[in-house]
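# Architecture at a glance
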Amino acid sequence: MKYGFGIDLGGTTVKIAYFEETGKMLDKWEIPTVTENGGSQILPDIARSIRQYMDGKHIADSGILGLGIGVPGPVNAKGVVNKCVNLGWGVFNISETLQSLTGFPVKAGNDANVAALGEFWKGGGQGCDNMVFVTLGTGVGGGIVVEGNLLHGAHGSGAEIGHLVLNRDETVPCNCGKYGCVEQYCSATGIVRMAKRHLESTETPSVLRDLKELTCKDIFDAGKAGDKAALEVLEQFYAYMGEFLGNVCSTVNPEVVVIGGGVSKAGDMLISGITPYFKKYVFHAASAAKFTLASLGNDAGAYGAFKLALDAFGK
C-alpha cells in the first residue's frame with residue numbers, strides 16, 4: 001500500500017490531508033498561510049509541516065507516492081503558476097519548487113479544478129464521466145470533467161466559468177476587470193449586491209430593509225418565509241443561474257452539475273429555483289443534466305489534490 005498527501009492552499013489556511021492510495025483519508029490538519037514577503041514562506045511551511053507529521057508518525061519516505069496541491073490561481077500542466085494575487089506569487093514552477101523542498105514528486109492544479117476532481121472522485125459526481133462543478137461563494141469558481149479527465153486548458157485557466165458574461169449593460173466592473181460576469185450576480189456577494197439594488201429601486205416592504213449587515217443567508221431565509229422583495233431577488237438570481245448553467249451544459253453536455261460553496265447550503269430550494277430556467281436556456285440534447293449538491297465540503301480540495309498525485313505517480 002502506498003500513501004500520499006493532498007494539499008488545499010487557501011488565502012488564510014493550508015489544509016493538508018494524508019491518504020492511502022484507495023482514496024481513504026487517514027488524517028488531516030491545517031496550518032496558517034503566511035502571505036507576507038510575497039508568500040515566500042508558504043511552500044517551506046508546507047514542507048516542514050509534512051515532514052514533522054511523517055517524523056511524528058514514523059512514516060518512511062519509501063511509502064509516499066507523491067503530493068498533490070491545489071492553488072488559488074491558474075496552473076498549467078507543467079506546474080507553472082501564472083500569478084496568485086492573493087498569495088503575492090508571480091510566475092514560477094510550484095511543482096519543481098515543492099518537490100525540491102520535500103523530496104517527493106508534486107502535481108499542482110487550480111484550486112477550483114482540484115475541488116471539482118475531488119467531488120468527481122469521491123463526492124457528488126461519483127459514477128459519472130462528464131461533470132460540471134460550480135462553487136458559489138465569495139466568488140464563482142468551477143471545474144469541468146470531460147470523459148473522466150479534468151479540463152485544465154492551454155494556459156491553466158480552463159473552467160473559469162464565473163467570468164462568463166451575463167449582462168452586457170453592467171456599469172460596475174467585476175474583480176477581474178470585465179463587466180457583467182456571472183460572479184457579479186451568482187456569488188454570495190453578488191446576490192447581496194442585487195438585493196441592495198432591488199431595495200433601492202423599489203418600495204416593496206421587506207424585512208431585509210431592517211438589517212444593517214445584509215447577508216446572502218438573510219435573503220434566502222426571507223424568501224423561505226415568503227418575503228416578496230427577497231423572492232423577487234431570488235427569482236432574478238435563479239434566472240441568471242439557469243442561463244449561465246444552460247450555456248455551460250450546452251457546451252460540455254455533462255451528466256451531473258454539482259453545486260458547492262456557501263450558497264449551496266440553501267439546498268433543494270436552490271435546485272428547484274434554478275431548474276425551470278435551466279430547462280428554458282439549455283440546448284435540448286443537453287437538458288438531462290442532473291443537479292446535485294457537493295458532498296465533501298471543505299475536504300473536496302484535499303481529495304482532488306491527492307487524486308492529482310495518484311493519477312500522476314500512483315501507477
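Our subject in this report is the structure included herewith. Because the structure is predicted, anything quoted here is derived from the model rather than measured.

## A few points about the pattern of salt bridges
When the charged atoms of two side chains with opposite charge come close together, those side chains can pair. Applying the stated criterion across every chain yields a total of eight salt bridges. Residue Glu232 pairs with Lys228 through a salt bridge whose shortest N-O separation is 2.7 Å. In this pair, Glu232 and Lys228 are both assigned in helix α8 (residues 228–252), four residues apart and thus about one turn of the helix distant. Residue class for Glu232 comes out partly exposed when judged on its relative accessible area of 28%. For the salt bridge of Lys307 with Asp311, the shortest nitrogen-to-oxygen distance reads 2.7 Å. Here the residue Lys307 and the residue Asp311 both occupy positions in helix α10 (residues 300–313), the gap between them amounting to four residues, near one helical turn. Of the residues examined, Asp311 reaches a relative accessible area of 35% and is grouped as partly exposed.

## Structural notes on unusual backbone geometry
Phi is positive for Asn37, close to 55°, though the residue is something other than glycine. Looking at the element boundaries, Asn37 is found in helix α1 (residues 36–39).

## Focus: the sheet that holds strand β2 (residues 13–20)
A sheet is described by the order of its strands in space; here five strands give the open sequence β3-β2-β1-β4-β7, paired in mixed fashion. Looking along the sheet, the strands with just one partner apiece sit at the ends: β3 (25–32) and β7 (106–110). Geometrically, the sheet is characterised by an average inter-axis angle of 15° between neighbouring strands, direction not taken into account. Bridging between strand β4 (residues 64–71) and β7 involves five bridges; their strand directions are parallel.

## Comments concerning the sheet that holds strand β9 (residues 140–146)
With mixed pairing, five strands are arranged side by side in an open sheet as β10-β9-β8-β11-β12. Looking along the sheet, the strands with just one partner apiece sit at the ends: β10 (149–150) and β12 (290–293). In terms of strand pairing, β9 meets β10 through two bridges, oriented antiparallel. Bridge assignment links Val145 to a residue of β10, and that residue is Leu150. The strands touched by α8 within the sheet are β8 (131–136), β9, β11 (256–260) and β12, with β8 carrying the most contacts at an inclination of about 150°.

## Some thoughts on the packing of helix α4 (residues 111–122) against α10
Each pair of packed helices gets described by two things: the angle between the helix axes and the distance between those axes. It is the contact of α4 with α10, at a shortest axis distance of 6 Å, that shows an interaxial angle of 85°. Considered as vectors, α4 and α10 are oriented roughly perpendicular to each other. On α10, the residues touching Val114, Ala115, Leu117, Gly118, Glu119, Trp121 and Lys122 of α4 are Ala300, Gly301, Tyr303, Gly304, Ala305, Phe306, Lys307, Leu308 and Leu310. Looking at the contact of α4 with α10 residue by residue, the classes come out as ten nonpolar, three polar and three charged.

Reading the values: the criteria
Residues numbered from 1 in each chain as written. Predicted model: local features only at pLDDT ≥ 70, side-chain atom pairs only at ≥ 80, totals over all residues. Heavy atoms only, no water. Salt bridge = Lys/Arg side-chain N within 4 Å of Asp/Glu carboxyl O. Helix = DSSP H or I, 4+ residues; strand = E, 2+ residues; numbered from the N terminus. Buried < 20%, exposed > 50% of the residue type's maximum accessible area, 1.4 Å probe, protein only. Pairing = 2+ DSSP bridges. Axes fitted to C-alpha atoms, helices over the stretch in contact; angles between N-to-C directions. Contact = heavy atoms within 4.5 Å. Parallel < 35°, antiparallel > 145°, perpendicular 65-115°, else oblique. Nonpolar A, V, L, I, M, F, W, Y, C, P; charged D, E, K, R; others polar.

Remember, this is a structural readout, not a statement about activity or role.
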